[in-house]
Amino acid sequence: MKPFFDFHTHTFLKTHLNKENIENASTPFLEMDVEIPLNIDEWGFNDIVDSQASFSQIAQGGGHLIIVALYPLEHAYTKSTFIKLIKKLTQDLNKNLLESIERQSISYWELLLRELSHALKFESQPQTVRDENGNDVDVHYKIINSMVEYDPRAQNTIHVVLSIEGGHAFYENPDILNQDIADIKERITEFKTPTPQRSTIFHINLAHHAQNRFTNHAHAIPTDCAGKGGTDRFGGYNPIEHGLTEEGKEFIRRCLQQENGEKRILIDLKHLSLKARQDYYQLVEDEFPDTPLIATHMGVTGFASQSFHYVKEGQLTPIVRGITEYTDRRCYKVHYEQLFAFELNRDRICFNPWSINLYDDDIVKIVETGPTGGLIGLVLDERILGKTKSITNYHAPELFSKTKRGASPWLDAPACVNGHLQRTGLDDDILEINTDPRNAHPNGLYYFLNNWLHIVKIGGDNAWKNVCLGSDYDRLINALDVAPKANFMASFRARLTQELLLIADIKEVQLPASADELVGALLYDNAFNFLKNNWH
């Protein structure tokens, strides 16, 4: 079986949240089958909360080099409608632990170390896994601290690289307003030189889904799922700040510095707001010019950020249908037009214009960065790839400056929009896309291919080497039907190879090699070469 790489999974998350006492948590090889006592399969709950990337599933799919994110669950999540419903329906999320997180009686730093101890506990312990031929084989995972420790010949070893999702992970005090940046920088340093208790971290996401003290984030959680945590001034889902903060810049510098032989920790662009990404590009260009840019589990918007500009006073672009103030008046609701890529069979393939995805100018920056270019991981969440009904998104005031001109408010925003703010609300935009599961054609696969080929089309021929897989498995995603779990990777590879030429012809992208070679590079070779060059 051919090996695959994954830039972003959460293999330890579900088993670590399963028990109040971490010592009682099950092995991350456990394939959790969450029992929900209602027939709600049509809502997709079971596919989301069941294991998607346990180490058993990864081994069955041929996973050999996997980056697993450690993620302290944010307070806002415990208040969300979705989590509260799941907590009532199943015993597989520990209620006492979730309530401790909601009450803020346990710090994010404690949650991080708890999940890390869970990861270290089961390392190198062999587990019997049934392979694709029906044979039982002993498999173990090994956490590595550089590519020097990676052995491509060790077929029954899953090599694990650790990352951290969310700068909030370094808050030691449960009170999120009571933190010390000097202490935070010391905690970052603990992950730059390996010890038995601390593996080195390859990268950190500065932001996640909730507001933090380091940076503004890109909006991602729909208001109907947000619950009471959605609009909290501190730690809520709505982006209400302006780019990177000074503490955020200090955080980044500590990560990227390499002093006394310590390792550099890269910053993942995923979840940063547009302004925060632009601030980061400038900081890297000024202070760390050899640093490659990475974005680990992405989709693309299908347009450049400059395309937000109004054509002239009061006239909307073909991309933005309208802008209204959100009810708390601290962010703006942007209503997009449908952004179609192509039509095939009965499907109209769309982009997702949310700002959490990469704009065309982001793609160019990543491809051209560093000595050998950066790396973009393509997510397997069909919503992020464009197969979503909602195309309404929330934007921070960092892109807007509201002023009074005459009778109505205006928005002045050179980086984004310039024109009238709607006096009355607009209905949420609903994409009229075909999501009928009875369709025989692999429409979810077309969204993945559309995003991949758009990156190549914008980034140029070199971009074929700058894209890999970044599934986001086991982080409550709606995975593609053709790759719902990691053990489907062989069939996913076959379908990609089968359909690549067709979609490339439609998008007028010329293939520089065979489909089999290009898919092999996407699923393994590109990431292997990137880590070999950037993580010694």
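Above this text you will find the structure in question.
Reading guide: rules and limits
- Residues numbered from 1 in each chain as written.
- Predicted model: local features only at pLDDT ≥ 70, side-chain atom pairs only at ≥ 80, totals over all residues.
- Heavy atoms only, no water.
- Helix = DSSP H or I, 4+ residues; strand = E, 2+ residues; numbered from the N terminus.
- Buried < 20%, exposed > 50% of the residue type's maximum accessible area, 1.4 Å probe, protein only.
- Contact = heavy atoms within 4.5 Å.
- Areas by Shrake-Rupley, 256 points an atom, 1.4 Å probe, with all protein chains shown as cover.
- Arc of directions from axis to C-beta.
- Polar contact = N/O pair within 3.5 Å; in protein donor to acceptor, adjacent residues only side chain to side chain.
- Expected span 1.5 Å × (residues − 1).
- Phe/Tyr/Trp six-rings, centres within 6.5 Å; stacked < 30°, edge-to-face > 60°.
- Lys NZ or Arg CZ within 6 Å of the ring centre and 35° of its normal.
- Axes fitted to C-alpha atoms, helices over the stretch in contact; angles between N-to-C directions.
- Parallel < 35°, antiparallel > 145°, perpendicular 65-115°, else oblique.
- Left-handed = near helix turned anticlockwise from the far one by under 90°.
- Nonpolar A, V, L, I, M, F, W, Y, C, P; charged D, E, K, R; others polar.

**Side note on the overall build of the protein**
And step 1. What the protein contains, in helices and strands, is 16 helices and 18 strands.
And step 2. Out of the 536 residues belonging to the protein, those deemed buried represent 61%.
And step 3. Long-range contacts, defined here as pairs at least 24 residues apart, represent 76% of the contacts in the protein between residues at least 6 apart.
And step 4. Here the protein displays about 20700 Å² of accessible surface, and carbon together with sulfur accounts for 47% of that area.

**Quick look at helix α8 (residues 181–189)**
And step 1. When we look at burial in α8, the residues that qualify are I181, I184, R187 and I188. Along α8, the residues classed as buried sweep out an arc of 115 degrees about the axis, all on the same side.
And step 2. Contact partners of the buried residues in α8: α7 (108–121) and α10 (246–256).
And step 3. Sitting at the head of α8, D180 places a side-chain oxygen 2.9 Å from the backbone nitrogen of A182.

**With respect to the environment of P292**
And step 1. Counting through the fold element by element, P292 comes out in the loop between α11 (274–287) and β8 (294–298).
And step 2. Placed 25 residues apart in sequence, P292 and I267 show a C-alpha to C-alpha distance of 9.3 Å.
And step 3. Residues contacting P292, with those up to four places away along its chain left out, are R264, L266, T369, G370, G373, G374, F530 and N534.

**Overview of α11**
And step 1. Between its first and last C-alpha, α11 extends 20 Å over 14 residues, near the 20 Å set by a 1.5 Å rise per residue.
And step 2. Those residues of α11 that fall on the buried side of the exposure criterion are L274, A276, R277, D279, Y280, Y281, L283 and V284.
And step 3. Where α11 is buried, its residues meet α10, β7 (266–268) and α12 (360–368).

**Here's the deal with the side chain of S100**
And step 1. Note on placement: S100 falls in helix α6 (residues 95–102).
And step 2. Contacts of S100, omitting those with residues within four sequence positions, involve S105 and I106.

**Here's the deal with the packing of aromatic side chains**
And step 1. On inspection of all chains with the given rule, the structure shows 19 aromatic pairs.
And step 2. Relative to F191, the ring of F170 has its centre 6.2 Å away and its plane inclined at 90 degrees; by these criteria the two rings are edge-to-face. Within this pair, whereas F170 is found in the loop between β5 (157–165) and α8, its partner F191 is found in the loop between α8 and β6 (201–205), the two being separated by 21 residues in sequence.
And step 3. Grouped by ring-pair contacts, the aromatic residues Y108, W109, F170, Y171, F191, F214 and F251 constitute a single cluster.
And step 4. Over the face of the ring belonging to W109 we find R187, whose NZ or CZ atom lies 5.6 Å from the ring centre.

**Quick word on the packing of α8 against α10**
And step 1. Running from N to C, α8 and α10 cross one another at 25 degrees; their axes reach a closest spacing of 10 Å. With respect to α10, the element α8 is oriented roughly parallel. Like other packed secondary-structure pairs, α8 and α10 cross with a definite hand, here right-handed. Contacts between α8 and α10 involve I181, I184, K185, I188 and T189 on the former and, on the latter, E247, E250, F251, R254 and C255.
And step 2. Among the residues forming the contact of α8 with α10, the class breakdown is five nonpolar, one polar and four charged.

This is a description of form; function is not addressed.
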